[in-house]
Structures are given as C-alpha cells and as structure tokens.
Amino acid sequence: MNMQTRPQRDLATAHAVRNGSSARVDLLVVAQMVKPNAKVLDVGCGDGELLKILTETKNVDGRGIEISREGVNLCVAKGLAVIQGDADTDLVDYPDDAFDYVILSQTLQATWRPRVVLEHMLRIGERAIVSFPNFGHWKIRLKLLFQGRMPRTAHLPDTWYDTQNIHFCTIRDFRDLCNEIGVKMEAAVALNHWGGKLRINVPWWFWNLFGEQAVFLLSRKK
Amino acid sequence: MAEADLKSIQKARAKEAESPRESLVVRFGAEHPLKLDSGIALSPFQIAYKTYGQLNAHRSNAVLICHALTGDQHVASVHPVTGKNGWWETMVGPGKPIDTERYFVICSNVVAGCMGSSGPSSTDPATGKPYGLEFPVITIRDMVRAQAMLIDHLGIDTLFAVAGGSMGGMQVLQWAQSFPERVFSALPIACATRHSAQNIAFHEVGRQAVMADPEWRHGRYLVEGTNPHRGLAVARMGAHITYMSDAALHRKFGRRFQDRSNPTFSFDADFEVESYLRYQGSSFVERFDANSYLYLTRAMDYFDLAAEHDGVLANAFRNSPTRFCVVSFTSDWLFPTSESRAIVHALNAAGARVSFAEIVTDKGHDAFLLDEPELFAIIRGFLDGAARARGLVVPS
C-alpha cells in the first residue's frame with residue numbers, strides 16, 4: 001500500500017465526516033468520558049472543536065493530529081497544540097503511555113488500517129475513545145436492501161467513489177475487533193438520529209439497529 | 001562600483017563593527033568571557049542589540065528574536081546602513097503578530113556578525129588590528145550562549161518566546177535545548193536540527209567564492225585596505241537562489257530581457273533574473289562583511305542538535321517544558337518540510353507540547369520574511385495561547 005498516493009483530506013471533507021447534525025452531541029459524549037486534567041491526544045482533530053471543549057471544560061493538556069493543512073492552521077491559530085499528520089502513518093512516532101486518552105472521533109472509518117490505528121491508540125494512551133457512524137443502522141440496511149446501492153444519508157452524503165470513509169463498520173463489527181485484539185470496553189454509548197442516547201439496558205442487536213453513531217471508551221485488558 | 005565608494009563603505013562598516021549606530025551595546029570584560037565550543041574563551045567581547053516595547057513588572061513578556069545568516073538586530077526599525085525597513089517589520093511591531101505593544105522584543109546581532117557584536121571585523125585587543133581569521137570559529141550554541149549573557153544582563157530570567165527563521169530557527173532550537181527552563185515558548189521557522197550535506201555544499205560554494213577573490217588576502221583585507229566584494233557578491237547571488245523557489249523565480253522574472261528586446265550576444269545581464277542577482281550581490285556587500293559570511297555559514301554547517309545526544313534527537317528535548325510552534329513552507333527546498341517534521345517527531349517522542357503547520361506558498365525559503373497571512377495568523381494564535389498560559393493579558 002502506498003501512503004503517498006492517498007488523497008489529502010481537505011477541511012470541508014473533515015467537516016462533512018465529523019459534523020453531521022448531531023456532531024455536537026457526539027463531541028459532548030466524548031468529552032463526558034474524559035476525566036479532568038487528563039493528557040489527551042485527539043487524532044483527526046479537524047478544526048479543534050473537541051480539543052477546545054476539553055480544554056475549556058476539563059482543563060485537559062490537549063494535543064491534536066489533523067491531516068488537513070487548513071484544519072491544522074485553524075487549530076494553531078486558536079492556540080491549540082496541533083500538528084499536521086496522518087493517523088495511519090504518524091502514531092508510530094509517539095512513545096508508549098504518553099497520554100491518558102487518545103481520541104479518534106469520526107475518523108476510524110477513514111483510516112487505511114483501523115486495527116493498527118486502534119492498537120497504536122492503546123499503546124500511546126491508557127484509554128482510547130472511538131466514535132464512528134454505525135453502518136448497521138436500520139436506514140442504511142434498508143437503503144442497501146431496497147435500492148441496491150451504496151447507502152447515502154444526511155450524515156454520510158458522499159458517493160462511494162468520492163468518500164474518504166473507506167472502512168465502514170457496524171457496532172457489532174467494532175465490538176468483534178475489540179474482542180479480537182484484547183481491548184476492554186469500559187463504556188459504550190449509541191446515539192440515535194437526533195443525537196439522543198439510546199437506553200443503556202438494551203441488547204447489542206438493538207444498538208446495532210437503532211444507533212446511528214457509537215462512542216466507545218476502551219482500555220487495555222489487564 | 002567605484003573604488004572610492006568601496007573604500008568608504010569599508011570604513012563605515014568597520015565603524016559599525018565597533019560602535020554600531022541605532023543600537024545598544026553591552027560589553028563583557030575579562031571577568032565574563034564567552035566560553036566557546038572550540039575551547040577558546042573570547043574576551044573581551046561585545047553584543048549589539050535592539051529592543052522594542054516595554055518589559056513588564058514581572059519581566060515575563062520578553063521575546064527574543066534570532067536573526068538569520070544575513071540578518072541583524074534591526075528587526076523592526078530602519079537599518080542604519082541601508083536605510084531600509086527592518087527585516088521582519090511584517091511580523092514585529094505595534095499590532096503585529098509579535099506585538100511590541102504587548103511584548104518586550106529583543107534582537108541581538110549574533111557573535112561573529114558584523115553589525116556591532118564581536119566578530120572578525122572587530123578590533124583584536126591583542127594586536128589593535130581587525131581580527132580577520134584570528135577570530136575564533138563559533139557555533140550556533142556559542143551564539144546562544146552570548147545571547148543568554150545578554151538576557152542575564154537585562155535581568156530577564158525566562159523568555160516568554162524565542163523566535164526565528166533559518167539560522168535564527170537553529171538558535172531557537174538550541175535555546176530550547178540548552179536552556180529549557182528559560183524558554184516558555186519557541187518558534188523555530190523554516191529550519192532544521194542539522195545542516196544537510198546539500199546545505200553544507202551550498203555554503204562551501206559561497207565560501208570558496210569569497211576566498212577565491214584575490215582581494216580577500218587570506219582574510220586580511222581590512223588590514224591591507226582591499227575589499228573582496230566580488231567574491232562576496234557571488235556568494236550572495238548563489239545563496240539567494242537557494243532562498244527562492246523555482247516557481248517564484250519564474251513568476252518574478254521568467255525569461256524576460258532586462259531593458260532590451262533582443263539578446264546582445266554578450267555576457268551582459270541580458271536577462272532580468274541576472275540583473276536582479278547582480279543587484280542582490282552588490283547591495284549585500286554594502287552591508288555585510290566577507291569574513292563574517294565565512295564564520296556564520298560555518299556555524300550553521302557545524303550545527304547538529306542530535307549529535308550530542310547519541311544521534312537521538314528526542315533526547316535533546318526530554319522533559320522539555322517549552323511550548324513549540326514549528327512552521328515550514330511547501331516550496332522551501334533549502335530547509336524542506338521533512339526537516340521540520342523530524343523536529344516535530346522528536347518533540348512528540350519527547351512528550352513536548354508542539355504545534356506544527358506547513359504553509360502553502362511558492363515563495364521558497366524566504367517566505368518566512370514575506371507577507372504570508374497564514375503565517376501571521378498562526379504565530380499570533382500560538383503566542384496568544386502561550387500568553388494566556390503565561391498569565392499575560394490577551395486583548396479580546
């Protein structure tokens with residue numbers, strides 16, 4: 001695989017990936033999982049919205065990596081410590097246990113090797129927080145079933161040939177990956193179309209069907 | 001250039017080396033020698049510097065600007081020799097990104113320079129004549145040591161920021177490595193932690209041009225009353241090409257002829273770009289000393305921050321409390337983005353707080369001196385964030 005040929009994601013795409021109508025809620029759910037005064041790395045931090053929330057509300061020592069140059073420059077101009085980099089290639093440069101939390105918000109599905117990225121996140125950080133759009137949502141299932149085309153939704157509007165999202169997964173798929181690489185799921189939240197949290201005491205298949213987005217708090221298995 | 005002009009330039013410059021105009025000078029006597037990497041103790045020596053703005057009561061708002069190879073202390077005010085504006089007036093001044101209404105800005109001429117800090121054109125107290133090549137070879141770290149003595153002299157413990165591009169950026173990195181507790185934030189721009197073989201090669205061409213000029217006289221031109229201006233001009237012409245990108249040169253000059261519509265079938269400056277380079281060369285010799293050029297290029301060549309840490313750059317910044325903002329430019333082929341990325345990787349590996357931005361421009365290495373709004377926004381934002389963390393008032 002040649003990383004060099006990978007198209008640069010511009011900020012508009014980063015926004016489109018991150019900022020669905022319930023993006024704000026998604027970020028707040030992520031932020032709620034972070035303990036105050038923690039050291040945080042936000043991978044794919046976009047325009048720095050989450051880092052700003054975390055800095056202001058949780059007093060975290062926040063760092064970011066963002067692939068789009070425009071996003072990085074916006075972040076630095078906001079006074080955030082953000083570097084231009086690629087989750088797929090640059091996490092390897094970070095030493096073990098450098099952060100309390102490594103966050104990957106709405107970016108997992110845009111990485112080349114999600115499994116490797118996830119492994120690096122839990123090497124660099126004690127905990128990882130991952131949020132992603134659930135491809136197992138009933139609307140997406142129905143679209144594929146009845147239209148016979150790659151589904152496009154309000155949150156995921158790009159065509160299959162334009163999208164940066166090359167590795168979609170469902171909540172169930174992600175849970176399987178966590179089990180496979182020995183990751184402990186400390187908390188999970190599924191959000192419905194309006195950004196509301198789904199009830200906690202429902203089975204996984206329900207989440208996988210009705211959760212439009214999922215947020216996982218992960219840690220290394222002891 | 002007329003011989004008489006050159007003589008008067010030479011005289012004016014010699015005077016500038018001893019008692020620089022429009023500058024402050026601090027002289028360090030025998031009790032405060034500058035201990036150099038070469039093992040030599042330089043004494044006595046002097047540092048010429050400029051300041052802008054006011055130091056606050058807590059002495060916490062001082063910003064040190066480190067100048068590049070051919071820069072000097074006149075960062076934001078009219079140059080006493082050329083009459084031109086300061087070399088970083090786009091960046092430093094009232095209301096500018098490095099705002100002199102908020103920060104106390106210091107810029108000193110590097111040791112071995114030729115604008116009032118001790119250098120090869122200064123008088124050697126042992127002989128009463130200009131040092132020439134008797135001046136000890138200095139390093140980037142020696143420059144920083146001398147600056148630290150100046151900062152001590154000014155009664156400043158911690159610098160709010162140290163900023164600079166190119167050779168100035170090397171000094172910024174050296175500051176952060178040598179005095180991490182004294183550097184709250186660091187802005188190394190368009191630079192590297194070491195000179196590459198290509199960098200050294202270009203510098204060697206420049207030095208050879210100077211030394212090939214028969215008027216150089218093994219560095220004794222000030223004593224012998226000659227002036228290696230041709231060699232220095234050629235050195236500058238060559239170097240100037242490396243500061244610009246291919247695209248910028250072509251955009252500026254293309255293949256256009258200079259004041260003529262046809263080639264003259266001679267070796268006149270037929271092309272605009274030739275004329276431009278000749279002008280760059282001849283105006284440079286009016287303000288710069290040939291031996292200083294040798295010393296400063298040498299200092300850059302010797303720079304290798306990782307070398308003293310077993311080649312592991314991250315170890316140079318282990319536990320650094322400094323906030324870094326690294327900036328590079330897409331079309332800079334002298335200090336390409338890959339060099340800045342190496343700095344960022346090392347800082348990340350060391351757990352340092354680092355921001356990094358690459359700015360899209362076709363202006364090449366010199367972009368850091370030019371009107372680059374994105375650069376201004378980044379530096380302003382970074383400094384505002386650092387100022388909040390430092391407890392300095394940030395205007396809303």
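All values reported here derive from a predicted model rather than from experimental measurement.

**Looking at the domain arrangement of chain B**
Residue and element names in this part refer to chain B.
Thinking step 1. Each assigned domain of chain B is listed here: domain 1 (15–197 + 306–390) and domain 2 (200–297).
Thinking step 2. Taking the mean C-alpha position of each, domain 1 and domain 2 sit 25 Å from one another.
Thinking step 3. Of the residues lining the interface, 29 residues belong to domain 1; the matching set on domain 2 comes to 24 residues.
Thinking step 4. Residues of the side of domain 1 that touches domain 2, tallied by class, amount to 15 nonpolar, ten polar and four charged.

**Quick look at the environment of P114(A)**
Residues and elements named next belong to chain A.
Thinking step 1. In this fold, P114 is placed in helix α6 (residues 114–124).
Thinking step 2. Taking the C-alpha atoms as reference, P114 lies 10 Å from L104; in sequence the two are ten residues apart.
Thinking step 3. Sequence-distant contacts of P114, defined by excluding residues within four places in its chain, comprise L108 and H167.

**Some words on the pairing of strand β3 (residues 81–84) of chain A**
Residues and elements named next belong to chain A.
Thinking step 1. By the alternation rule, side chains of β3 split into A81 and I83 and V82 and Q84, which are all buried.
Thinking step 2. Bridge analysis of strand β2 (residues 61–66) against β3 gives four bridges, and the strand direction is parallel. Note on β3: the bridge partner recorded for G64 is V82.
Thinking step 3. You can see the chain leave β2, run along helix α4 (residues 69–77) and come back into β3, and the turn it takes is right-handed.

**Quick word on the interface of chain A and chain B**
Thinking step 1. Taken residue by residue, the interface counts 15 residues in chain A and 22 residues in chain B.
Thinking step 2. When contributions to the side of chain A that touches chain B are tallied by element, the ones reaching two or more residues are α4 and β3 of chain A.
Thinking step 3. Considering each element in turn, the side of chain A that touches chain B owes the most residues, five residues, to α4(A).
Thinking step 4. Taken together, the residues that form the side of chain A that touches chain B break down as nine nonpolar, three polar and three charged.

**Things to note about the nonpolar core**
Thinking step 1. Membership of the largest hydrophobic core comes to 171 residues, with the highest contact counts inside it found for V63(B) and L159(B).
Thinking step 2. Taken domain by domain, the makeup of this core includes at least three residues from each of domain 1 (15–197 + 306–390) and domain 2 (200–297) of chain B.

**Side note on the environment of V327(B)**
Residue and element names in this part refer to chain B.
Thinking step 1. If you trace the backbone, V327 turns up in strand β13 (residues 323–329).
Thinking step 2. When the C-alpha atoms of V327 and P188 are compared, they prove to be 6.8 Å apart, with 139 residues separating the residues in sequence.
Thinking step 3. Discounting residues that sit within four places of it in the chain, V327 has contacts with I189, A190, A357, I359, L375 and I378.

**Some thoughts on helix α12 (residues 373–390) of chain B**
Thinking step 1. For α12(B), which comprises 18 residues, the first-to-last C-alpha distance of 25 Å matches the rise-based estimate of 26 Å (1.5 Å per residue) to within 8%.
Thinking step 2. All of the buried residues along α12(B) are E374(B), L375(B), I378(B), I379(B), G381(B), F382(B), L383(B), G385(B), A386(B) and A387(B).
Thinking step 3. For α12(B), the secondary structure elements touched by its buried residues are α4 of chain A together with β7 (98–99), β11 (159–165), β12 (183–189), β13 and β14 (353–359) of chain B.
Thinking step 4. Note on α12(B): the residue one or two positions beyond its end, G391(B), has a positive phi of about 85°.

**Points about the packing of helix α4 (residues 197–212) of chain B against helix α6 (residues 229–243) of chain B**
Residue and element names in this part refer to chain B.
Thinking step 1. Remark: α4 packs on α6, axes separated minimally by 7 Å, with the N-to-C direction vectors making an angle of 165°. Judged by the angle between their axes, α4 and α6 are roughly antiparallel. α4 and α6 meet at a crossing whose hand is right-handed. Between α4 and α6, the residues in contact are F202, V205, G206, A209, V210, M211 and A212 and G231, L232, V234, A235, G238, A239 and T242, respectively.
Thinking step 2. By residue class, the composition of the contact of α4 with α6 is ten nonpolar, four polar and no charged.

**Some points on α4(A)**
Residues and elements named next belong to chain A.
Thinking step 1. Counting buried positions along α4 gives seven out of nine residues, so the element sits mostly inside the fold.
Thinking step 2. Those residues of α4 that fall on the buried side of the exposure criterion are G71, V72, N73, L74, C75, V76 and A77.
Thinking step 3. Trailing α4 by a residue or two, G79 shows a phi angle of about 90°, which is positive.

**Thoughts on unusual backbone geometry**
Residue and element names in this part refer to chain B.
Thinking step 1. Here the bond from S43 into P44 is cis, since omega is -10°, no more than 30 degrees from zero.
Thinking step 2. Summarising the element assignment, P44 is placed in the loop between β3 (41–42) and β4 (45–52).
Thinking step 3. Backbone geometry places D310, a non-glycine residue, at a positive phi of 55°.
Thinking step 4. Look at D310 and you get exposed, because 7 C-beta atoms sit within 10 Å.

About the thresholds
Residues numbered from 1 in each chain as written. Chains lettered and ligands numbered in written order. Predicted model: local features only at pLDDT ≥ 70, side-chain atom pairs only at ≥ 80, totals over all residues. Domains from an automatic or database assignment. Contact = placed C-beta atoms within 7 Å. Nonpolar A, V, L, I, M, F, W, Y, C, P; charged D, E, K, R; others polar. Helix = DSSP H or I, 4+ residues; strand = E, 2+ residues; numbered from the N terminus. Buried ≥ 20, exposed ≤ 12 C-beta atoms within 10 Å, placed from the backbone. Pairing = 2+ DSSP bridges. Right-handed = clockwise from strand over helix to strand, strands pointing away. Core = buried A, V, L, I, M, F, W, Y, C linked by C-beta atoms within 7 Å. Expected span 1.5 Å × (residues − 1). Axes fitted to C-alpha atoms, helices over the stretch in contact; angles between N-to-C directions. Parallel < 35°, antiparallel > 145°, perpendicular 65-115°, else oblique. Left-handed = near helix turned anticlockwise from the far one by under 90°.

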